[in-house]
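# Overview (structure and organization)
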Amino acid sequence: MNTFKQLGLVLACISLFFACKNENQEAPSTTSVADTEEKVAERSGQAFIQDDEGTPNCLQIAIGSPDHTTLVAAVQAAQVENALVNVGPLTVFAPTNEAFAALPEGIVDNLLKPENKDALANILKYHVTPGNLSTTILTKLSKLGQANNQNVPVEVVDGKPVIGGANIIASVPAGNGIVHVIDKVLLPPSE
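Every residue gets a number counted from 1 within its own chain, in the order that chain's sequence is written. With pLDDT at 70 or above as the cut-off, local features in this predicted model cover only qualifying residues; side-chain atom pairs require 80 or more to be listed or tallied, and sums for whole chains, interfaces and linings still use all residues. Note that the side-chain values use all heavy atoms of the structure and ignore hydrogens as well as water.

## Concerning the nonpolar core
Put simply, the rule is: Here, nonpolar core means buried Ala, Val, Leu, Ile, Met, Phe, Trp, Tyr and Cys residues that are tied together by side-chain atoms lying within 4.5 Å of each other. Burial classification: accessible surface area is computed with a 1.4 Å probe over protein chains only, and a residue below 20% of its type maximum counts as buried, one above 50% as exposed, and the rest as partly exposed. Elements are defined by DSSP. Helices are runs of H or I of four residues or more, strands are runs of E of two residues or more, and each kind is numbered from the N terminus. Contacts were defined at the residue level, with two residues in contact if any of their heavy atoms lie within 4.5 Å.
Core analysis: the biggest nonpolar cluster contains 28 residues, and L71, V75, V92 and L124 have the highest contact counts within it. Elements supplying a minimum of two residues to this core: α3 (58-63), α4 (69-78), β1 (90-95), α5 (97-101), α6 (107-111) and α7 (117-125). Among the elements that make up this core, the one with the highest residue count is α4 (5 residues). Those residues in contact with V75 that lie beyond four places of it in its chain are L59, V80, E81, L84 and L124. Grouped together as the second largest cluster of nonpolar side chains are 12 residues, L138, I163, I168 and L186 included.

## What to know about α7
All of the buried residues in α7 are L120, A121, N122, I123 and L124. Contacts from the buried residues of α7 go to α4, α6 and β2 (128-130).

## Observations concerning the sheet that holds strand β7 (residues 177-182)
For the record, the criterion: A pair of strands is labelled paired if DSSP reports no fewer than 2 bridges between them. The axes used here are C-alpha line fits, helices contributing only the stretch in contact, and every angle between their N-to-C directions lies in the interval 0 to 180 degrees.
The mixed open sheet is built from 7 strands, whose spatial order is β2-β1-β7-β6-β5-β4-β3. Only two strands of the sheet have a single neighbouring strand rather than two, namely β2 and β3 (143-145). Taken pair by pair, the neighbouring strands of this sheet meet at an average axis angle of 35 degrees, ignoring direction.

## Things to note about empty space enclosed by the protein
Quick note on the threshold: Cavities and pockets were defined on a 1 Å grid built from protein atoms only: a cavity is a group of points that admits a 1.4 Å probe but offers it no way out, a pocket is an open group of points flanked by protein on both sides within 12 Å along at least five of seven lines, and a lining residue is one with an atom within 4 Å of any such point. Grid points are joined across faces, edges and corners, and a volume is the space filled by probe spheres set on the points. Polarity classes work like this: nonpolar for Ala, Val, Leu, Ile, Met, Phe, Trp, Tyr, Cys and Pro, charged for Asp, Glu, Lys and Arg, and polar for all others, with Gly in that last group.
Across all of its chains, the model carries 1 cavity of 30 Å³ or more by this definition. Within this model, the largest cavity holds a volume of roughly 60 Å³. Together, T70, A74, F100, L103, V108, L111, L112, L120, I123, V185 and L187 line the largest cavity. If you list the elements that add at least two residues to the lining of the largest cavity, you get α4, α6 and α7. For the lining of the largest cavity, the residue count by class is 10 nonpolar, 1 polar and no charged.

## Quick look at the pairing of strand β5 (residues 160-163)
Sheet topology note: the strand β4 (residues 151-157)/β5 ladder contains 4 bridges and is antiparallel. Bridging across to β5, V156 finds its partner in P161. Hairpin geometry of β4 and β5 is characterised by an intervening segment of 2 residues between the two adjacent antiparallel strands and by a positive phi of about 55 degrees at D158. For β5 and strand β6 (residues 166-174), the ladder comprises 2 bridges, and the chain directions are antiparallel.

## Quick notes on the environment of V108
Note that V108 resides in helix α6. On the accessibility criterion, V108 (18% relative accessible area) is buried. Those residues in contact with V108 that lie beyond four places of it in its chain are T70, F100 and L103.

## Concerning the packing of α4 against α7
Geometry of a packed helix pair, given as the angle between the helix axes and the separation of the axes. Condition: Roughly parallel means an angle under 35 degrees; roughly antiparallel, over 145; roughly perpendicular, 65 to 115; everything else is oblique. Here is the rule for handedness: rotate from the far helix to the near one, and if that takes an anticlockwise turn smaller than a right angle the crossing is left-handed, while a clockwise turn gives right-handed.
In contact at an axis separation of 9 Å, α4 and α7 are set at 125 degrees when each is read in the N-to-C sense. Classified by the angle their axes make, α4 and α7 are oblique. In terms of crossing hand, the pair formed by α4 and α7 is left-handed. On α7, the residues that touch L71, A74, V75, A77 and A78 of α4 are K117, L120, A121 and L124. Split into classes, the residues belonging to the contact of α4 with α7 amount to 8 nonpolar, no polar and 1 charged.

This is the structure:
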């Protein structure tokens, strides 16, 4: 009788194994080519990771500011979001909406066109410097090496740093550096 119980137990285990194996098999894929292309087209990288607990990074600060909607639109059009969320530290000079509005009429609209993505990315990278540079440190420098491999001049006027002719009107610490709000769009010398 003991042998019959063992045989029954073995048969039950084998039946359970095959039942579980069949349940775990995936159904045939019905993903269309369009669905696959859509998933590939989704944006990826550090800029798209959600984190509700850490200090906001430079990009999150800009996104959360009502005075930087034009900057955020430009960053998204140029697809340089990941540049603003790198580990850093980074110093980002963030022009306000008013600074963009002060550019000659049609410039911003033209730069936001897909065919001008590279020129826009170059301008935006000219607003990013490696390092966490406070205004005190900036007053001790004569130029900054920007993320687009060009230099921006730094002057000291009335004891305050002026970056490429732009005044710093506020500074916000970020999880990956610092954001200096500026009153002018910085244009690289070649632009």
